[in-house]
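# Fold and contact review
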Amino acid sequence: MGSHGTPLLRSGVAVMRKSHAVTSLVLVVALSSVASAGRLAKVWEANLTKAIGIEAGAEGFPVFAMRFSPAGDRLAVIVDGRASGGGERSRLIVLEVAHPLSGVREFEVAPGVNENESVRIPLSFGWSPSGAIVYAAGTIVSISSGSTCTAPSPVVFVTEELAIARIPAVPPSDGSSRIVFYNSECRQLGTWDVKENWLIEDVSTQRALLSVWRTINRTEAESILVDPLTRTVVRRWPQKNGWSGPGQFADNGRAICRGGNVWEGRTVPAVCWNVDTGQEIARTSHSNGTEPLAAAAGATRMTLSDYREQRRIFSEDGWTSGFKGRIAWDFGTGQELASWRPEAQTYTYDSPSGTKKITEPARFAMSPDGRCVAEGANGIVRLYRIEP
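Before going into details, it helps to say that this report is about the structure given with it.

Criteria and cut-off values
Residues numbered from 1 in each chain as written. Predicted model: local features only at pLDDT ≥ 70, side-chain atom pairs only at ≥ 80, totals over all residues. Heavy atoms only, no water. Helix = DSSP H or I, 4+ residues; strand = E, 2+ residues; numbered from the N terminus. Buried < 20%, exposed > 50% of the residue type's maximum accessible area, 1.4 Å probe, protein only. Contact = heavy atoms within 4.5 Å. Areas by Shrake-Rupley, 256 points an atom, 1.4 Å probe, with all protein chains shown as cover. Salt bridge = Lys/Arg side-chain N within 4 Å of Asp/Glu carboxyl O. Pairing = 2+ DSSP bridges. Axes fitted to C-alpha atoms, helices over the stretch in contact; angles between N-to-C directions.

## Structural notes on the overall build of the protein chain
Along the protein chain, the regular secondary structure elements total one helix and 32 strands. Counting all 388 residues of the protein chain, 54% fall into the buried class. Counting only contacts in the protein chain whose residues sit at least 6 apart along the sequence, the fraction spanning at least 24 positions is 49%. Carbon and sulfur atoms provide 50% of the accessible area of the protein chain, an area that totals close to 17100 Å².

## Concerning unusual backbone geometry
Glu291 connects to Pro292 through a cis peptide bond whose omega is 5°. Topologically, Pro292 is positioned in the loop between β23 (280-283) and β24 (294-295). Residue Arg231 is not a glycine yet carries a positive backbone phi of 60°. Positionally, Arg231 belongs in the loop between β18 (220-227) and β19 (232-240). One non-glycine residue, Asp251, adopts positive backbone phi at about 55°. Of note, Asp251 is situated in the loop between β20 (248-250) and β21 (255-258). Classification of Asp251 by relative accessible area gives buried; the value is 16%.

## Focus: the pattern of salt bridges
This structure, assessed with the given rule, holds 22 salt bridges. Salt-bridge contacts for Arg39 lead to Glu387; the nearest nitrogen and oxygen are separated by 2.9 Å. One end of the pair, Arg39, is in strand β3 (residues 39-47); the other, Glu387, is in strand β32 (residues 380-387), and 348 residues separate them in sequence. One salt bridge in this structure joins Arg178 and Asp193, with 2.6 Å as the shortest N-O distance. Of the two residues, Arg178 sits in strand β14 (residues 177-182) while Asp193 sits in strand β15 (residues 188-194), which places them 15 residues apart along the sequence. Given the relative accessible area of 38%, Arg178 is considered partly exposed.

## Let's talk about the sheet that holds strand β9 (residues 133-136)
Judged by pairing direction, the sheet is antiparallel, and its four strands sit side by side in the order β8-β9-β10-β11 without closing on themselves. This sheet does not close on itself; its edge strands, each paired only once, are β8 (125-127) and β11 (148-150). Mean inter-strand twist for the sheet, computed between neighbouring axes without regard to direction, equals 15°. Pairing between β8 and β9: three bridges, direction antiparallel. By the bridge assignment for β9, Trp127 is matched with Val134.

Pasting the structure below:
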């Protein structure tokens, strides 16, 4: 096992809270190697290949994405691409958090869900509000019955019976999008044409809201809050194009947070905004890259990445990025909860230029209450509890 519980960051975290008056309060919390940071305590470890009865080598069975159910009682894991019925498919494995090796469910889903360390992709993997359905790249899975259907495009569930897909315009240069509404049986219910090119980044199932990204030009972009039920734009925030990761909902839809990408800039904090007022709630003060991150849907907590710029003589601009680990952070208090370096996974994949070997940190997810972190690498899933 790696050095879970060993503090990595020795920088500060600044939290800004807007008061009802004109003045504001800035709280700076110094993070030392022993001060506020807690540790991760391992709750369990599950070998997915043994759970579903297959054999995989040490570099097989990569974990591509993970999601806790809205109640936090189940964990959905996307693993391992494979050929099936003449086409490429992925495995969806659903674990019971309380008893991970009892009642394991396996499903085939469409390929394409791969939430790696660097690529911005539209949201295409998650749960319906009740936790009865998992969707992955357009495949809709009923957990209880095992029935599946596949929509023509990747969908996200806003309510229990309403899923939404975003179809880019053809050609994309005309800057428009079509939002298509489906029910849970993949039947189309209607469309909404938008005169902007939108990318759906996250959904708040508590408030039936969408986090949407819009690229304006090479340097400018917008973070947009959308109510798909009334087909209205609720709020817009100006953004710098390129440096930030997907906007994620937290605190039961009351906040939206996004991390900074160290490959795109040298001052790249994680920032959270109040959904109802549009005001900034908090930001990390260090200049490290904090993306990818995983926000707790029902708490003011998130798991951030810790990427640092490093000098590299032979790189194009003299800099490269180095991964240091993950950090659990509470944006409501400004407290670092824990920091650690996760396990890594290694796998190969076929690209247009040939077969490539990838080594990367374990994929991860945060429970809705922000108390647990799940990590997955090469078929092994581990659940950790954040302890003071």
